[in-house]
Each structure stands twice: as C-alpha cells, then as structure tokens.
Amino acid sequence: MTFSRPSIVGPEAGPELPFPVKMEGPVISGFGRGSKELGIPTANLPVDAEATPWIADCVSGVYFGWAVLEAARPGEAAAAEAKGVIGGVTSKLGDDEDESKKRTTAVSGLYPMVMSIGYNPFYQNTTRTAEVHILYPFAHDFYGAHLRLAILGYIRPEKNYDSLEALVEDIQFDCVVAKQSLARPGWTPAGQSTALAGAEGVTADKGATNGTLVIPWLLG
Ligand code: ADP
Ligand code: RBF
Ligand code: MG
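The present account deals with the structure reproduced in this document. The structure presented is a predicted model; accordingly, all values stated were derived computationally and were not measured.

So, on to the overall build of the protein chain. Looking only at helices and strands, the protein chain has three helices and six strands in total. Counted from the first residue to the last, the protein chain has its helices and strands arranged as β-β-β-α-α-β-β-β-α. Per-residue burial for the protein chain yields a buried fraction of 30% across its 220 residues. Residue pairs at least 24 apart in sequence account for 71% of intrachain contacts in the protein chain once pairs closer than 6 positions are excluded.

Here is the structure:
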C-alpha cells in the first residue's frame, strides 16, 4: 500500500498553539489486546478529567511529541519494581546504592512518541483512552513508571479499518511521520540528548543537540 498523506506535519519553525499540551501520569494496564505482539506496544495513561480537562473536547486521533519516562520516582519505582517490571534486571543487581540507581534509571530518558487519543473504532471501545507508543525499542516493560508528555502536534483523525493489518500499517506510517516531524530543529528540545538522535531514517547525528525547542516543564 502506498500512502498519500504527508510524511512531515506542522510548520517548519515549530509547534503552534494550542501545542505544546502537557499530559502525565503513571503507566497503567490497557486492554491487553496484544499491541506488543504487533510491534506497537502502547503505554496507557489514565484519562483524568481533573488533570487533563482538555481531553474531553480534543479531537480524537493521532498526536505526536516527546515523552519523558521517569522510572526513578520514589514510590512509583518501588511499586513497579515490586511487580518486577522495571528492567527485568533486578536479579543481576545487588542492593547497594549505585546498583539501585542503575536499576531505577534503566529506562529513564527523553523519547519521541506517537499517541492515540480516542475510542479506537476498530475495537469499538466505549471509553476514551490515551495510549503512547514510544519510538524506542525497550527490552522490558515499565508499568507503574511516571510518563510525562509534551504533545506537539496532530497527525490524523482516528479511523476504522477493514483489517488489523491495515490498522498496523497506518500506525507504522504515523511513526514515520512523528520521527521525521520531530527531527527538525524547531521541534527538537534545546540542549538535550534524545533517543531520536541517530534513529533510523532520521538525519540527525548521534548525540546531536541542535534543537531550538524550549519547553520549561518537559524535563521536570
Ligand atoms: P497494555 O494493553 O497493558 O497497554 P501493550 O501490549 O499495549 O499492553 O503493552 C504496553 C506496555 O509495553 C507498556 O505499558 C510498557 O510497559 C511496555 N512497552 C515496552 N516498550 C514500549 C514502547 N516502545 N512504547 C510503549 N510501551 C512500551
Ligand atoms: N485504533 C483505531 O481503531 N483507529 C485508529 O485510527 C488508531 N490509530 C492509532 C494510532 C497510533 C499511533 C496508535 C499508537 C494507536 C492507534 N489505534 C487506533 C489504537 C490501536 O487500535 C490500539 O493501540 C490497539 O491496541 C493496537 O492493536
Ligand atoms: Mg497499551
């Protein structure tokens, strides 16, 4: 299948209002439909009317931006760890302070993301969900970790599909759109080393920090 939609969205200079939009919360369990098996695991966030009043009125569809994953928040890290989900490396590590730091920061960082907000017509959900696919191949789950999002732009409305393959293909193209759109300096956080640098299909050099985008609340 060929795609007629553009592979880069949003103005060259950077995000425009109402973006950036903030969303954050602990990574919770989703419907467990096997997104992971499809190669597109999605970290689900609580849709909370108080924390994100805008979400009830926003257009359902696909958005993109940056995600800060913090596996090291007191409490959350401990809870996630108790469930054995962070890193999966606990058995290899001792309990001294350095080792525990390594363990809880194993997945922390700034990552490009693409997300879906809506009812997923393909599955006919009755409640609205927010699910984030981080564009980085993690080796392990991070349920319970704190995820903070800077949503920077909108890609497309949500759709129904004739087949699961068609849905997956469209999502894969969303990932290309997000990566290419975020690779522009006006869309890349200033002074940061991001997982996007050196990503396949992206021209930024490894470790490049040529971004000019400033979002004060993104990093903490
Ligand atoms: P669920 O239905 O519980 O959301 P998924 O199959 O969507 O299950 O998998 C989501 C989980 O996979 C996330 O909560 C996270 O712990 C893990 N995960 C691993 N890699 C990624 C990734 N690149 N993006 C998002 N989640 C990921
Ligand atoms: N579900 C839909 O029913 N229609 C969509 O258009 C749709 N777009 C999505 C785009 C992205 C980037 C992501 C991460 C998910 C999307 N979903 C959509 C949700 C999808 O059905 C869900 O993640 C399933 O669990 C995948 O098997
Ligand atoms: Mg999910």
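There is more to say after this.
This part takes up the site of ligand 2. Around ligand 2, the surrounding shell holds 19 residues, and the nearest of these are Ser35, Ser116, Asn120, Phe122 and Glu158. Broken down by secondary-structure element, the contributors of at least two residues to the shell around ligand 2 are strand 4 (109-118), strand 5 (129-134) and helix 3 (164-182). It is helix 3 that provides the largest number of residues to the shell around ligand 2, a total of three residues. Its residues placed into classes, the shell around ligand 2 shows nine nonpolar, five polar and five charged.

Looking now at the site of ligand 1. Around ligand 1 sit 18 residues, and of these Gly30, Ser35, Lys36, Pro41 and Asp141 come closest. Secondary structure elements with two or more residues in the shell around ligand 1: strand 2 (43-45) and strand 5. The residue inventory of the shell around ligand 1, partitioned by class, reads nine nonpolar, seven polar and two charged.

Reading guide: rules and limits
Residues numbered from 1 in each chain as written. Chains lettered and ligands numbered in written order. Predicted model: local features only at pLDDT ≥ 70, side-chain atom pairs only at ≥ 80, totals over all residues. Helix = DSSP H or I, 4+ residues; strand = E, 2+ residues; numbered from the N terminus. Buried ≥ 20, exposed ≤ 12 C-beta atoms within 10 Å, placed from the backbone. Contact = placed C-beta atoms within 7 Å. Near = placed C-beta within 6 Å. Nonpolar A, V, L, I, M, F, W, Y, C, P; charged D, E, K, R; others polar.

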